[in-house]
Amino acid sequence: MAGPIKKFNQGGNTSSSISRQFTPEFVSKAVVEYAARKMFFSKMASREDMPENSGDTITKEIVIPMLHKDNMVDGNLDASTAKLLTYVWYVFPSVGGVLDSKYDANDYLGANAGNLDAAIADAKAAATARVGVLGGSAFLKSGAGNILGGDASYATAKGPLVPLPEEGGVVNLLNSSSKLVSAKMTQHGIGAKYTVRSVTLDSRMKQVAREIKELARATGELKEMQIQNSLLSASEANRMIASDVAVTPVQMTAVDVLDYDALSAFEQALIDNEVPTDTEIVSGTDKVDTKVIENAYVAFVHSRMLPTLRKVKGPDGVTIAWVPKSQYAAGETIMDGEAGSIGSFRFVVVPDLQVYKGAGSLVSADTTGTAGERANTYATGGYYDVFPILVVGTDSFITTGMRSQDVTANHILPKADVHNDMYGQVGGVASKWEYGFLAYRPERIRQLAVVCRRS
């Protein structure tokens, strides 16, 4: 007759040899860690250190050329001979107050089917209405006075130049101007505590070193988030809405998804503001099915934008415009996170790019598109989410910190303290850093706002 069979009991006991397992599990020494977040924006920043004993504000002087559109008549151009730009209005809350808002007829062209006169009227009406809302000493100021205005039209360029009379005289007086832009530096920090007992008894060794490593990683990721948030805030001043009707995010509906026309309009805005392309032309190769990609702007998008990007149709309304990176990777170095290209844009996916949750219009009040399109559009709290497509031109911003102590890390050893810890049982690690963001060429940081479909 066969004897009893010894079996391992899941409760930790064997059938006969021992009442309790003293090695119930084997823990592998190979630790599985989450992959570090990719740094998309930190490596784009130029760095300028603050010297000590110089305050907490860094300022740069920006020289505006004579024929730049930001050089206005009342800012050192001769009004009697300059061609005036008459379709931009500025609203100020009071004399000497900070600019409240800007109304450009170009932003109203889509809503008026390209009719400039109608767009000018709408822009001025909106500016006038804003003055009424502010009330008090608010006033409207025309942007008239930009020589050339960024327009290469022969008629516009010819207008400002008065022929020089035979007797000479004083005509065609121009002057450059400059402006000072400033940013404050702020201090930030994070930390973690531990007890002496937790380090002594924990089965894992070098727990303090592990805490320091994780703290350093978190510090780098937080600085990346700060730069991303600063860039998005700067881009909001140069935001374009991908819509034929909406002029602000809160008006965006389910039909305001990305299309080729919106990308073309965005490209023109980048060209008009002299935003440099960040990549050169990608040459074709002798490999099958490789594509030639033109010099392009780098556009940062959220990962949820990919289904929409892959469906964008070209100028003919039929052919898919999306070119996946696999079709041109053989002829070019692919950027971290790059997914593909459309026209003059190469798209880099930033998985945690901030989204304006619920910033669009009320879903239940939307009558545009089909019910299926409305249900398939991302929304939060009953309002459509607005997704930014962010372009950051080179040589547009700097980050700053103290030259001597940009990032400092401290290990606070356990120490007896009659007020907080009489037994010296608690220690910690802490990281501290300085952060300042200065967009000295803010016109190169731009955003195209769209809504996004799930599929």
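Shown above is the structure to which this text applies.
Here's a quick rundown of the structure. Since the structure is predicted, the reported quantities are computational estimates derived from the model, not experimental observations.

## Concerning the packing of aromatic side chains
Item 1. Going through the model one piece at a time under the given rule, you end up with eight aromatic pairs.
Item 2. Taken together, a centroid distance of 5.8 Å and an interplanar angle of 50 degrees make the contact between Tyr 378 and Phe 387 tilted.
Item 3. Here Tyr 378 falls in the buried class, since its relative accessible area comes to 15%.
Item 4. Owing to a relative accessible area of 1%, Phe 387 belongs among the buried residues under this scheme.
Item 5. Among the aromatic residues, those joined into a cluster by ring pairs are Phe 266, Tyr 297, Trp 322, Phe 345 and Phe 347.
Item 6. A cation sits over an aromatic face here: Arg 239 above Tyr 356, 5.1 Å from the ring centre.

## Overview of the sheet that holds strand E15 (residues 387–392)
Item 1. In space, the seven strands of this open sheet follow the order E8-E19-E15-E9-E12-E11-E10, with mixed pairing throughout. Two strands lie at the open edges of the sheet, namely strand E8 (239–241) and strand E10 (323–324), each paired on one side alone.
Item 2. Sheet contacts for helix H4 (residues 207–236): E8, E15 and strand E19 (445–450); angle to E19, the most-contacted strand, approximately 80 degrees.
Item 3. Of the strands in this sheet, E8, strand E9 (297–301), strand E11 (338–342), strand E12 (345–349), E15 and E19 are in contact with helix H5 (residues 260–272), which crosses E19 at around 165 degrees.

## Concerning the pattern of salt bridges
Item 1. Counting across every chain of the model gives seven salt bridges.
Item 2. The partner of Glu 236 in a salt bridge is Arg 239, with the nearest N and O atoms 3.9 Å apart.
Item 3. On the basis of relative accessible area, Glu 236 is assigned to the partly exposed category, the value being 35%.
Item 4. Glu 443 is the salt-bridge partner of Arg 441, the closest N and O atoms lying 2.6 Å from each other.

## Regarding a nonpolar patch on the surface
Item 1. Together, Val 418, Met 422 and Tyr 423 give the surface a local cluster of nonpolar side chains, amounting to about 410 Å² of exposed area.
Item 2. Positionally, Val 418 belongs in the loop between strand E17 (407–412) and strand E18 (426–438).

## Observations concerning the pairing of E15
Item 1. Where burial is concerned, most of E15 is hidden: six out of the six residues are buried.
Item 2. Going residue by residue along E15, you find Phe 387, Ile 389 and Val 391 tucked away on one face and Pro 388, Leu 390 and Val 392 tucked away on the opposite face as well.
Item 3. Of the pairings in the sheet, the one linking E9 to E15 comprises two bridges and is antiparallel in character. What sits directly across from Phe 300, in E15, is Leu 390.
Item 4. Note: E15 against E19, six bridges, orientation antiparallel. Considered in E19, the bridge of Val 391 is made with Arg 446.

## Quick word on the environment of Pro 315
Item 1. As for its placement among the helices and strands, Pro 315 is situated in the loop between helix H6 (306–309) and E10.
Item 2. Residue class for Pro 315 comes out exposed when judged on its relative accessible area of 73%.
Item 3. Considered as a pair, Pro 315 and Asp 261 are 54 residues apart in the sequence and their alpha carbons are 7.8 Å apart.

About the cut-offs
- Residues numbered from 1 in each chain as written.
- Predicted model: local features only at pLDDT ≥ 70, side-chain atom pairs only at ≥ 80, totals over all residues.
- Heavy atoms only, no water.
- Phe/Tyr/Trp six-rings, centres within 6.5 Å; stacked < 30°, edge-to-face > 60°.
- Buried < 20%, exposed > 50% of the residue type's maximum accessible area, 1.4 Å probe, protein only.
- Lys NZ or Arg CZ within 6 Å of the ring centre and 35° of its normal.
- Pairing = 2+ DSSP bridges.
- Helix = DSSP H or I, 4+ residues; strand = E, 2+ residues; numbered from the N terminus.
- Contact = heavy atoms within 4.5 Å.
- Axes fitted to C-alpha atoms, helices over the stretch in contact; angles between N-to-C directions.
- Salt bridge = Lys/Arg side-chain N within 4 Å of Asp/Glu carboxyl O.
- Patch = residues over 30% accessible without salt bridge, like charges linked within 9 Å, V, L, I, M, F, W, Y side chains within 5 Å.
- Areas by Shrake-Rupley, 256 points an atom, 1.4 Å probe, with all protein chains shown as cover.

Function cannot be read off these values alone, since they describe shape.
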